[in-house]
Amino acid sequence: MDPFDDVVSAMSVASSLYVRFRFTAPWGVAFDTGYQARLVMIAEGVGWLLSEGEVPLPVAKGDCLIVKEGTRFALADRPDSALVDCVNLFADLPGFSEGTGFTTIPDRTVNYGGSGSLMEMVSARLSFDPIAAEPLLALLHDLLHVRLAHGDLDLLETTLGLIGLESRADGLGADLV
């Protein structure tokens, strides 16, 4: 292992939640990472990344966002789309807890929007051991946008897809994925 792998391994993921979002235009969703970091991968389609004080940035299949805890951002089909808070998308789903925001969505897919073009994204919320994660998190920007190479996109999408399959299973530990 190299030093970066050592640091990431030592960060100790304390909990995670995997969700697939399927947005159809018109749509706009505001996200607040709260106490969890977020990894977002655009799996299909196009949209806009909106972040306070920043110029709207187009995102498309293969784009990945790494978002630190405590960071607010939005994704939408157009920069001027009305935004709904992400937590509202979960409110009517089985397993949602308004107090903690934690949810055990049976199929881990959230659909939202109209009847227009599709943008699909995969999102993982991660909680780290705060002491173990501090060395790396202190170096990261609040929101990091990365365009994945074709092969890397396939690998990440497959990995997150497998996590999603495991989390939908009824077997032992499925809720821990």
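Residues numbered from 1 in each chain as written. Predicted model: local features only at pLDDT ≥ 70, side-chain atom pairs only at ≥ 80, totals over all residues. Heavy atoms only, no water.

1. Observations regarding the nonpolar core
The tendency in soluble globular proteins is for nonpolar side chains to be buried as a group.
Alright, step 1. If you look at the biggest cluster of nonpolar residues, it comprises 22 residues, and the most contacted ones within it are F21, F23, V29, F31, F73, L75 and M121.
Alright, step 2. Elements with a contribution of two residues or more to this core: β1 (13-24), β2 (28-32), β3 (37-44), β6 (63-67), β7 (72-76), α2 (86-90) and β10 (118-128).
Alright, step 3. Not counting the four nearest positions on each side in its chain, F73 is found in contact with V29, A30, F31, T33, R38, V40, L49, L50, L65, V67 and L143. (Core = buried A, V, L, I, M, F, W, Y, C linked by side-chain atoms within 4.5 Å. Buried < 20%, exposed > 50% of the residue type's maximum accessible area, 1.4 Å probe, protein only. Helix = DSSP H or I, 4+ residues; strand = E, 2+ residues; numbered from the N terminus. Contact = heavy atoms within 4.5 Å.)

2. Details of the side chain of T71
Alright, step 1. Here T71 shows up in the loop between β6 and β7.
Alright, step 2. Within the structure, the side chain of T71 is placed 3.0 Å from the backbone oxygen of K68, a separation counted as a polar contact.
Alright, step 3. Here T71 is in contact with F31, D32, T33 and D142, once residues within four sequence places are set aside. (Polar contact = N/O pair within 3.5 Å; in protein donor to acceptor, adjacent residues only side chain to side chain.)

3. A look at the packing of aromatic side chains
Alright, step 1. Across all of its chains, the model carries four aromatic pairs by this definition.
Alright, step 2. A centroid spacing of 5.0 Å and a plane angle of 15° characterise the contact between F31 and F73, whose relative ring orientation is stacked. With F31 in strand β2 and F73 in strand β7, this residue pair connects regions lying 42 residues apart in the sequence. The same class applies to F31 as to F73, namely buried.
Alright, step 3. Through a chain of ring-to-ring contacts, the aromatic side chains of F21, F23, W27, F31 and F73 assemble into a single cluster. (Phe/Tyr/Trp six-rings, centres within 6.5 Å; stacked < 30°, edge-to-face > 60°.)

4. Concerning the pattern of salt bridges
Alright, step 1. A full pass over the atoms with the stated rule returns seven salt bridges.
Alright, step 2. Salt-bridge contacts for E44 lead to K61; the nearest nitrogen and oxygen are separated by 4.0 Å. Of the two residues, E44 is situated in strand β3 and K61 in the loop between β5 (57-60) and β6; the sequence distance between them amounts to 17 residues.
Alright, step 3. Judged by its relative accessible area of 38%, E44 falls in the partly exposed class.
Alright, step 4. The residue R78 makes a salt bridge to D80 at a minimum N-O spacing of 3.1 Å.
Alright, step 5. When its relative accessible area of 39% is taken as the criterion, R78 is described as partly exposed. (Salt bridge = Lys/Arg side-chain N within 4 Å of Asp/Glu carboxyl O.)

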